[in-house]
Amino acid sequence: MSPWELAKLDFAAFEARGRAQRRRGMWTAFAFMSPALLLVCGLLLYPVFFNVWISFTKWKKFKGLDEWGGLRQYERLMSNPNFETALSNTFIWVIVSLILPVVLGLFIAMMVRGQRMEETAKSIFFLPRVLAPTAVGVLWFYVYSPDGVLNSVLSLFSAEPVSIGFLYDDGTVTWSIIVAYLWQTVGLAMVLLLLGLAAVPRDPLEAASVDGATRAQCFWHITMPLILPTILVVVILSVLAGFTVFDHIWVMAKDYPGKRTLSLTVYMYVEAFEKSSWAFASAIAVVLGAVVLSVTWLQVTLQNRIERLMK
């Protein structure tokens, strides 16, 4: 056998050993990942696909998938006036979650940045975040009750006792819940923005100050572009939280008459667990998921374009 043929045989054996090693490595990696994959498939992927399947049936609790319904649940959903109300209220929450936590968080971060009590201020503002949303809802429910803390404080500045039903009036119920929601969520936005501000280099700011730029000009033309990626992260987290807010609304305004505070999450919960309309509630969940995915995709696309422009 010629040296060339021997070399070819040696190379083929080397390639075979390499493929065997790669296969062993792949199966070893798969074995290590299998517990996580089972959890993801069992606790995330299967429920999602099962929910989508249910939305196309007439499924009843404990009765099984006994009848195919097609698009009936979605037609029923689109023709229900409560869906329009819940969708509009959900987008109100999203807009509020998009603007107020970011603006207030950035304002507080700028105020406490570099101050002697910065660490204490961060702890105070972030403390509500570690509380359960249900506990926050109960706390603020008693703050807003007719004989609660807020009315007691207002009575100090009035000649007569004040007994305003903040959670029982169309003009105040939504904003009352929003205040409680902001009280819990603005701390996270503040901490994230403080991290972004800490990463801003001092040299450009000092050079701009030497050239005569004001603090406002330094902020808008130097600080803001540099912390824009952090702001986009805060915006994405805030929007997702706005779409899925449930505990505050449910605890504080569950018994409110009418549909003024109805959101998609509350609507879905009521249809599933109070009316046992599981297929209809699944259709609401599918629509909510589609809206969230669409908005998230738009946000990520916008973020990528902004990052490319900044390079």
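These figures come from a predicted structure and were not determined experimentally. For every chain, the first residue of the written sequence is number 1, and numbering continues from 1 along that sequence. With pLDDT at 70 or above as the cut-off, local features in this predicted model cover only qualifying residues; side-chain atom pairs require 80 or more to be listed or tallied, and sums for whole chains, interfaces and linings still use all residues. Computation of side-chain values covers all heavy atoms of the structure but excludes hydrogens and water.

Draft legend 1. Examining the overall build of the protein chain more closely. Counting from the N terminus, the helices are the DSSP runs of H or I reaching at least four residues and the strands are the DSSP runs of E reaching at least two. Secondary structure assignment for the protein chain yields 12 helices and 0 strands. Along the protein chain, helices (α) and strands (β) appear in the sequence α-α-α-α-α-α-α-α-α-α-α-α when read from the amino end. Within the protein chain, the proportion of its 311 residues that are buried is 36%. Contact criterion: two residues are considered in contact whenever any of their non-hydrogen atoms come within 4.5 Å of each other. Relative to all contacts within the protein chain whose residues are 6 or more apart in sequence, the contacts with residues 24 or more apart total 67%. A 1.4 Å probe and the Shrake-Rupley method give the accessible areas. Residues count as covered only by the protein chains that appear here. Counting every atom, the protein chain has about 19,400 Å² of accessible surface; 68% of that belongs to carbon and sulfur. Three labels apply to residues, based on accessible area from a 1.4 Å probe with only protein chains included: buried if under 20% of the type maximum, exposed if over 50%, partly exposed otherwise in between.

Draft legend 2. Main features of unusual backbone geometry. One non-glycine residue, S276, adopts positive backbone phi at about 55°. Mapped onto the fold, S276 is located in the loop between helix 11 (264-274) and helix 12 (278-310).

Draft legend 3. How the structure looks around the pattern of salt bridges. By salt bridge we mean one thing: a side-chain nitrogen of Lys or Arg within 4 Å of a carboxyl oxygen of Asp or Glu. Counting across every chain of the model gives 3 salt bridges. Between R113 and E118 there is a salt bridge, and its shortest N-O distance comes to 4.0 Å.

Draft legend 4. Representation of a nonpolar patch on the surface within the structure. Residues V40, L44, L45, V48, F49 and V52 make up a contiguous nonpolar surface patch of about 510 Å² in total accessible area. Along the chain, V52 turns up in helix 1 (residues 3-54). A patch is a set of surface residues, each over 30% in relative accessible area and not in a salt bridge, joined within 9 Å for like charges and within 5 Å for the nonpolar side chains Val, Leu, Ile, Met, Phe, Trp and Tyr.

Draft legend 5. The side chain of S263, seen in detail. Position of S263 among the secondary structure elements: in the loop between helix 10 (247-253) and helix 11. Polar contact is the term for a pair of N or O atoms within 3.5 Å; when the atoms are in protein, one must be able to donate a hydrogen and the other to accept it, and sequence-neighboring residues count only if both atoms are side-chain atoms. A polar contact of 3.0 Å, which involves the side chain of S263, links it to the side chain of T265. Ignoring sequence-local partners within four residues, the contact set of S263 consists of A86, T90, V245 and I249.

Draft legend 6. Representation of the side chain of T261 in the model. Mapped onto the elements, T261 comes out in the loop between helix 10 and helix 11. Its relative accessible area of 11% is what places T261 among the buried residues. Sequence-distant contacts of T261, defined by excluding residues within four places in its chain, comprise N89, V173, T174, I177, I249 and A253.

Draft legend 7. Structural context of the confidence of the model for the protein chain. Looking at the protein chain as a whole, its pLDDT mean stands at 81, while 89% of the residues score no less than 70. For every residue, the predictor reports its confidence as pLDDT, a number between 0 and 100. The least confident element of the protein chain, judged by mean pLDDT, is helix 1 at 73; the most confident is helix 5 (residues 133-144) at 89.

Draft legend 8. Broad picture of the packing of helix 4 (residues 118-126) against helix 7 (residues 173-198). Fitted lines through C-alpha atoms give the axes, limited to the stretch in contact for helices. The angle between two N-to-C directions lies from 0 to 180 degrees. Two elements in contact, helix 4 and helix 7, have axes separated by 8 Å at closest approach and are oriented at 145°. Between helix 4 and helix 7 lies a crossing whose hand is left-handed. In this structure, helix 4 contributes E118, K122, F125 and F126 to the contact, and helix 7 contributes G187, L188, M190, V191 and L194. Considering only residue class, the contact of helix 4 with helix 7 consists of 6 nonpolar, 1 polar and 2 charged. Left-handed is the label given to a crossing in which the near helix is rotated counterclockwise from the far helix by less than a right angle, and right-handed is the label when the rotation is clockwise. Three categories are distinguished: nonpolar for Ala, Val, Leu, Ile, Met, Phe, Trp, Tyr, Cys and Pro, charged for Asp, Glu, Lys and Arg, and polar for the others, with Gly belonging to the last.

Draft legend 9. A look at the packing of aromatic side chains. A pair of aromatic rings is counted whenever rings of Phe, Tyr or Trp (Trp by its six-membered ring) have centres within 6.5 Å, and the orientation is called stacked for planes under 30 degrees apart, edge-to-face for over 60 and tilted otherwise. A full pass over the atoms with the stated rule returns 15 aromatic pairs. A ring pair is formed by W250 and Y269, whose centres lie 4.8 Å apart and whose planes are at 65°; its orientation type is edge-to-face. Taken as a pair, W250 in helix 10 and Y269 in helix 11 lie far apart in primary sequence, 19 residues in all. Accessibility expressed as a relative area gives 16% for W250, which makes it buried. Taken together, a centroid distance of 6.0 Å and an interplanar angle of 85° make the contact between Y267 and F280 edge-to-face. On the criterion of sequence distance, the pair formed by Y267 in helix 11 and F280 in helix 12 is long-range, its members being 13 residues apart. Here Y267 matches F280 in class, with each residue buried. One aromatic cluster is present, formed by F246, W250, Y269, F273 and W278 through successive ring pairs.

Draft legend 10. Local environment of the nonpolar core. What we call a nonpolar core is a set of buried Ala, Val, Leu, Ile, Met, Phe, Trp, Tyr and Cys residues that are connected through their side-chain atoms within 4.5 Å. Core analysis: the biggest nonpolar cluster contains 62 residues, and I177 and Y267 have the highest contact counts within it. When residues of this core are assigned to their parent elements, the largest contribution, 12 residues, is made by helix 7. What I177 contacts, discounting residues up to four positions off in sequence, is W93, L167, H248, I249, M252, A253 and T261. I54, W59, A272 and W278 belong to the second largest nonpolar core, which has 6 residues in total.

Draft legend 11. Local environment of the environment of L87. Mapped onto the elements of the fold, L87 is located in helix 3 (residues 81-112). The partly exposed category is assigned to L87, whose relative accessible area is 23%.

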